[in-house]
Amino acid sequence: MSRSLRRGSIAAIAAIAIASLSSCAASNTPDTLQVKPDNAAATLGTDLRLNNIVIVTGVGTSGDYTGPANVVVNISNTATTPAELQSITVGNGAAATFADAAGAPQPSIVIPAGGSVALGAQGGPSATLGSAAIHVGGFSTTTFTFKDGQKVDTQAGVSPATGLYTGFGPTPAAVPGHSASPAAGAPATPSTGVGTTGAPATPSTGATTPGTPVAGGSATATAPAAH
């Protein structure tokens, strides 16, 4: 192949690559949705900016999913007056409930003048969905409504709480009758029954108190009677 033909082939390949990338960019980042390659973003007026909007589900979730999730978003306010986020709805209309950094319920989230709030971040307020019908790995319509009537719809990505979003997912609900204590039936303290050699597992403290259970009794030792 001549040098001129080689140059022409290389130029054609480069043109195809650029056209492909432009096509992908056009489909993934339409101006109407303001969706970035990874996370959604939105602007309200000239003062409010919502960045890195993600709906985070539990670890191990995938595909079509119905259950709890957290809305993660950073909201900045460049105005000279505070802004108040009144509601977030996702997908089929599931509404988020707000809580402060300590977990106390909040009716709304205030974004201070000239400041920002990171919803869902450690040490910050949270927006929790009790049950949302969404598709993990896809996008879901997410609506933010503010007190002054401003409202914006975005297509937020839905991700499980793994990788970059580890620790951002909903807290697993406690199972009734279970706690963080040792498993049911497991002794809370070492057994005071007969050891493997036939000797007591703990040093003897004197005569056995009448009525003390023999080996195989309760996990907690009975104190000797006072003399």
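Note that the coordinates shown come from a computational prediction; the quantities given were computed from them, not determined experimentally. (Residues numbered from 1 in each chain as written. Predicted model: local features only at pLDDT ≥ 70, side-chain atom pairs only at ≥ 80, totals over all residues. Heavy atoms only, no water.)

## Details of the pattern of salt bridges
Under the definition given, this model contains one salt bridge. Here Lys 147 makes a salt bridge to Glu 84, at a shortest N to O gap of 3.7 Å. Of this pair, Lys 147 sits in the loop between strand S10 (139-146) and strand S11 (151-160) while Glu 84 sits in strand S4 (residues 83-90), and the two are 63 residues apart along the sequence. Lys 147 gets classed as exposed once you look at its relative accessible area, which sits at 56%. (Salt bridge = Lys/Arg side-chain N within 4 Å of Asp/Glu carboxyl O. Helix = DSSP H or I, 4+ residues; strand = E, 2+ residues; numbered from the N terminus. Buried < 20%, exposed > 50% of the residue type's maximum accessible area, 1.4 Å probe, protein only.)

## Let's talk about the pairing of strand S5 (residues 94-99)
Bridge analysis of S4 against S5 gives two bridges, and the strand direction is antiparallel. Of the residues in S5, the one forming a bridge with Val 90 is Ala 94. Joining the antiparallel neighbours S4 and S5 is a turn of three residues, in which Gly 91 adopts a positive phi near 55 degrees. Strand direction decides the pairing type here: S5 and strand S9 (residues 126-136), joined by four bridges, are antiparallel. Residue pairing across strands places Ala 99 opposite Ser 126, the latter belonging to S9. Linking S5 back to strand S6 (residues 105-106) in an antiparallel pair, the connection comprises five residues, with Gly 103 at a positive phi of about 95 degrees. (Pairing = 2+ DSSP bridges.)

## Concerning the confidence of the model for the chain
On average, the chain scores 73 in pLDDT, and the residues at 70 or more come to 59%. Predicted confidence is poor over residues 2-37, with pLDDT under 50, and the contacts of this stretch with residues over four places away or in other chains come to 20 contacts. For residues 178-227, every residue scores under 50 in pLDDT, and the model assigns this stretch 20 contacts once sequence neighbours within four places are set aside. (pLDDT = per-residue confidence, 0-100. Contact = heavy atoms within 4.5 Å.)

## A short note on the environment of Val 110
Mapped onto the secondary structure, Val 110 falls in strand S7 (residues 109-111). You can call Val 110 partly exposed: its relative accessible area is 46%. Put simply, Val 110 and Leu 85 are 25 residues apart on the chain and 6.3 Å apart in space, counted from C-alpha to C-alpha. Apart from residues no more than four positions distant in its own chain, Val 110 is found in contact with Pro 82, Ala 83, Glu 84 and Val 117.

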